[in-house]
Structure formats: C-alpha cells, structure tokens
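Notes for the structure review
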Amino acid sequence: MIVPIILAGGSGTRLWPLSRELYPKQLIDIYNENTMLQNTLMRLENIDDLAAPVVVCNEAHRFMTAEQLQQIKIKPHSIILEPIGRNTAPAIALAAIKLLEKGEDAVMLVLPADHVIEDLPHFHEKISQGNALAEQGFLITFGIVPVSPETGYGYIKKGKRIDSTSNACEIECFVEKPDHAHAQAYVASKEYCWNSGMFMFKASVIIDQLEQYAPDMLKRCRQVMAAGTQDLGFFRINRELFEKIDADSIDYAVMEKTDKGIMISLDAGWNDLGSFDALWQTGSKDEEHNVLKGDILTQDVKDSYIHSESRLVAAVGLEKFVIVETSDAVLVAPRDRVQEVKKIVLQLKAKKRKETVTHRRVYRPWGNYETIDQSQRYQVKRITVKPGAKLSLQKHYHRAEHWTVVSGTAIVTKGDQEIMLLENESAYIPLGTVHRLENPGTIPLELIEVQSGSYLGEDDIVRFEDVYGRKEDRP
C-alpha cells in the first residue's frame, strides 16, 4: 500500500495578508474552490493501492484540518499534531514511527500541502514508478523539470540513470537556492531539476536511514510518540519533549548523505504556491495578463495579481504589481519583490500586531466569529454556529455579553436557565454568569454579540465543559 503523508504544518508568511499563523495558506482556497490541503489529497484519486493518509499539522489548526478532510469525505489514518514546527525530518519520522507501530511497513508518499500539479496522469505515472523503486529500498525524491531560472527553489543535479527503462537517476548533489546567474546556467545545462520536497520511501527504510544519519533526532521522536496520546481523533504529542528536537529538513538529515537516494524527474505543470508571483503564474489571466479575484476595476493595468476579499479595489496605470486586500490589511508590492513580504511580517511580529496571527474572522470547531467593531470598552462580533454544534460551558470575569439572533435558532444556557431564542430575539449574559450557546437546528445559527467590560481579550474565559477537549489556554 501507498500511504500519503501530508505535511500541512507551514505558516505561509510570504502570502501574508491572506495567510496567517492561525489560518495558513494550506487551509485557504487561494487557487480554486478547494483549499490547498484538499487539492493535495484530491489529486491522488484513482491511484492504485492508495491507503488512508497520515496528516501532520500544527496543533492550532487541528479542527480546521479535520473539517476540511471531512468535507471531501476522506477519513485519515492519523492526524498528528505538532505543538511547534520542527521542519520535515521530524514530521516524517513521526509518521513513519506511527505506521510501523501498527505493523504497517508501507511506502510513504510525502507531499507538502501547498503545491499545484496540473498534469495528473503524468503525476500518477511517476508515483507508480516511485512505488516500484521504493519497494526495492530506494529513497526517491521528485525533481521538477525547470521551466525558468528560479532563484526561490533549491536544485538537484542528476547523476547517472538507474536503468534504461525509466528516467530515474542517481543524485549527484543538492544545491542551495542560487543567484540568478547560476540558476540560468543550471537550466541551460539540462542537468538540474528543482527540488520539489516530495518523496517516496518505505517506512522501515527511512527509519533505518534516520538511525544511521540522525540517531539523536530519531531517538527523541520515538520518545515523543511513546508519550503521545489519542485525543478526539487526533494524535497529540508532548510539547516539552518535542521542543528538544532540533529542526531539520529530510534533505539535510538523510537525502544529502544516503547512498540510497535517487531522483525521478517530474514535468507535470508543478508549482509551489509560496508567493504571490506564483499565484500570478498559475492563475487564470485576462486579456491584459492580470489575475483578478474579487470586486476589482482596472484601467491600464497589466501583468498584475489583484485580490480583494471585502471591498472594491480600483487600480490605474500599474504593470507587474501585486495588490492584496483583506478586511484588516492591504498589501501593495511590485511582483518581482513579493518575497520581501516576509520582512513586513517580521516588523508586524516585532510590534506584536495581531494581523500576523489571525484574520478578523476566526475559526473555531463550532463555527466562526468575525469582529465587526471595537473600542476601549466594547466589541461587536458576528457569530456563526454550525448545525448541531455548541460552544463550551463557560464564564468571563471581565465582560458581559448581549446576543441577538439574526437567523436560525439558539439554545442559551444562562446560569440555571435554558432559553430558546428565535430570530430577532435576544439574551443578556451578565459578567460572571456561567453560560453556553448551542445550535439545535439544521441550518447555521447567526447572531450578533455585543461585549462590554474592562477587558475583552479571548483569554478571559473559564471553561467548565467542552465537547472539543479544549482547555483555558487552548483555542
């Protein structure tokens, strides 16, 4: 069997303000109507001997990840929760240990959750080739046939071919992200491929190679998995133990050192959606070669990417620009400088701005809320509760709340009372009162919440009961 190992733990800082720490690019529908995570799994349909996937994601994204899998009717083998990011080598080690614990020495197909691949038949054919070679004990990486001298990717130099019947070859060397002159030379030589970050190998083989080349990391990963716990469909690992593991990529930890590594060239319309320029390259363009998404008007604008989420964006006299509008931020940059968005994110983090962490709309396992107005002593939110869902039984020390139902039906627990609210009805929750909100209906419950008090932070909460297993310090 082939077990997809989906690496979905990135933060996507180069796609800010679309991507945020609590709503990263792999969970966003930035390419088509599905999210990047969903697209990654859906493109594997019709592959022979495909087993349920193992998804490795950040603990903070667990409910959104599980919901997105449910939306496309995929039941995962496991969802492993990382409390912090430690790069690809520990993530792959955790997944391999998980499989071998259950006696499953399957071929692992390791896929980052932020790629676009257009030619699926070609992709499937290469996976079939990789599967046969992985069963022989090889460690396969997929190299992308370059179409331009990209400086944002690492490169892999081809060695001699494994045999005369496939395009698989030995790996002569890995090359770090080059400058433009070297990238041009690599592409012209036709001896190099882009490093895609996609791999295939048997679980036992990668564990054996980690034992040989990264034994300390593997030992700590085993300790982490031994101390892990199953929690509501997730496998939760110990933060204190995981923090002791050094961050490392599987390239550095194993692939650059092993004598079992080979590369299969892939020419399938691949793109790593790691920047707005990549979104422009892969997007559907108008007659002026613009990629436009949202409510947008242009005059004399060419070769640009413009994305609007909440209002009209008008642009005049631009060429090769990026404009991205969300409800709380606007980014404007030349297309050839969008990599520098990371520097803006660093500035925002230094100033402890919340725009790096979340959007105005915040997702929870029961639904979502959006802040629509706030000042020093009040805050107004639009709350949506999914059918059958309910918030935790809770109280606040510093704020009172007033709920008005806009659509749907609500059951409100207020102290010892249980109240049913219909459209245009409201309830007041005094400061310090134990309360809960529930949607008993079959359509989403929408309401307006007005908070007032001396402190309105999300950490002013005491949970007494929660069906999602959250604690006070866990969203």
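Residues numbered from 1 in each chain as written. Predicted model: local features only at pLDDT ≥ 70, side-chain atom pairs only at ≥ 80, totals over all residues. Heavy atoms only, no water.

This paragraph deals with the overall build of the chain. Counting secondary structure elements, the chain contains eleven helices and 30 strands. Here the chain has a C-alpha radius of gyration of 24 Å; the compact-globule value for 475 residues is 23 Å, and the two agree. The principal-axis extents of the C-alpha atoms in the chain amount to approximately 75 × 60 × 40 Å. Sequence separation of 24 or more characterises 69% of the internal contacts of the chain that already satisfy a separation of 6 or more. Carbon and sulfur atoms make up 48% of the accessible area of the chain, which totals about 21800 Å². Charge-centre separation for the chain: the mean point of 56 positive side chains lies 4 Å from the mean point of 68 negative side chains. (Helix = DSSP H or I, 4+ residues; strand = E, 2+ residues; numbered from the N terminus. Rg over C-alpha atoms; globule rule 2.2 N^0.38 Å. Contact = heavy atoms within 4.5 Å. Areas by Shrake-Rupley, 256 points an atom, 1.4 Å probe, with all protein chains shown as cover. Lys, Arg positive; Asp, Glu negative; His and termini not counted. Charge placed at Lys NZ, Arg CZ, Asp CG, Glu CD.)

Moving on, we get to the packing of aromatic side chains. One pass over the structure, following the stated rule, counts ten aromatic pairs. Centre to centre, the rings of Trp-194 and Trp-270 are 6.2 Å apart; their planes meet at 50°, and the pair counts as tilted. Taken together, the positions of Trp-194 in strand S9 (residues 192–202) and Trp-270 in strand S13 (residues 270–272) put the pair 76 residues apart, joining distant regions of the chain. In this structure an aromatic cluster arises from ring pairing among Phe-63, Phe-234 and Tyr-468. The ring of Tyr-369 carries Lys-381 above its face, with NZ or CZ at 4.0 Å from the centroid. (Phe/Tyr/Trp six-rings, centres within 6.5 Å; stacked < 30°, edge-to-face > 60°. Lys NZ or Arg CZ within 6 Å of the ring centre and 35° of its normal.)

This brings us to the side chain of Asp-466. Residue placement: Asp-466 occurs in the segment after strand S30 (462–465). Residue classification places Asp-466 among the buried residues on the basis of a relative accessible area of 16%. (Buried < 20%, exposed > 50% of the residue type's maximum accessible area, 1.4 Å probe, protein only.)

Right, let's talk about helix H6 (residues 203–213) for a bit. By the burial criterion, the buried members of H6 are Ala-203, Val-205, Ile-206, Ile-207, Gln-209 and Leu-210. Buried residues in H6 make contact with helix H3 (88–101), strand S4 (107–112), strand S6 (139–144), S9, helix H7 (215–226) and helix H9 (250–255).

For S6, the tally of buried residues reaches six of six residues, placing the bulk of the element in the interior. Burial along S6 is two-sided: Leu-139, Thr-141 and Gly-143 facing one way and Ile-140, Phe-142 and Ile-144 facing the other are all buried. As judged from the six bridges shared by S6 and strand S12 (residues 261–266), these two strands associate in the parallel manner. Each bridged residue has a counterpart across the sheet, and for Gly-143 the counterpart in S12 is Ser-265. Across four bridges, the pairing between S6 and S9 is antiparallel. The residue bridging Ile-140 from the neighbouring strand is Met-200, located in S9. (Pairing = 2+ DSSP bridges.)

This structure, assessed with the given rule, holds 22 salt bridges. Put simply, Lys-349 and Glu-21 hold a salt bridge, and the shortest N to O gap is 3.7 Å. Of the two residues, Lys-349 is situated in helix H11 (residues 341–350) and Glu-21 in the loop between strand S1 (2–8) and helix H1 (36–42); the sequence distance between them amounts to 328 residues. Among the residues examined, Glu-21 registers a relative accessible area of 34% and is labelled partly exposed. Arg-236 serves as the salt-bridge partner of Asp-231, at 2.8 Å between the closest nitrogen and oxygen. According to the relative accessible area criterion, Asp-231 is buried, its value standing at 17%. (Salt bridge = Lys/Arg side-chain N within 4 Å of Asp/Glu carboxyl O.)

Moving on to the sheet that holds strand S16 (residues 305–308). Across the sheet, which stays open at both edges, the four strands sit in the order S14-S16-S18-S19 with mixed pairing between neighbours. Two strands close off the open sheet at either side, each with one partner strand: strand S14 (291–293) and strand S19 (330–334). On average, each strand axis in the sheet is inclined to that of its neighbour by 5°, with strand direction left out of account. (Axes fitted to C-alpha atoms, helices over the stretch in contact; angles between N-to-C directions.)

Attention shifts here to the environment of Ser-310. Following the sequence through the fold, Ser-310 ends up in the loop between S16 and strand S17 (313–316). Placed 30 residues apart in sequence, Ser-310 and Trp-280 show a C-alpha to C-alpha distance of 20 Å. In this structure, Ser-310 is in contact with Glu-325, Thr-326 and Ser-327, ignoring residues within four places of it in sequence. Within the local environment of Ser-310, its side chain forms a polar contact with the side chain of Arg-311, the two groups lying 3.5 Å apart. For Ser-310, the side chain forms a polar contact with the side chain of Glu-325, separated by 2.4 Å. (Polar contact = N/O pair within 3.5 Å; in protein donor to acceptor, adjacent residues only side chain to side chain.)

Okay, the side chain of Asn-34 next. For Asn-34, the position within the fold is in the loop between S1 and H1. You can call Asn-34 buried: its relative accessible area is 16%. Apart from the residues lying within four places of it in its own chain, the contact partners of Asn-34 are Ile-28, Asp-29, Asn-39 and Met-42.

It is worth stressing that arrangement in space is one thing and function is another; only the former is reported here.
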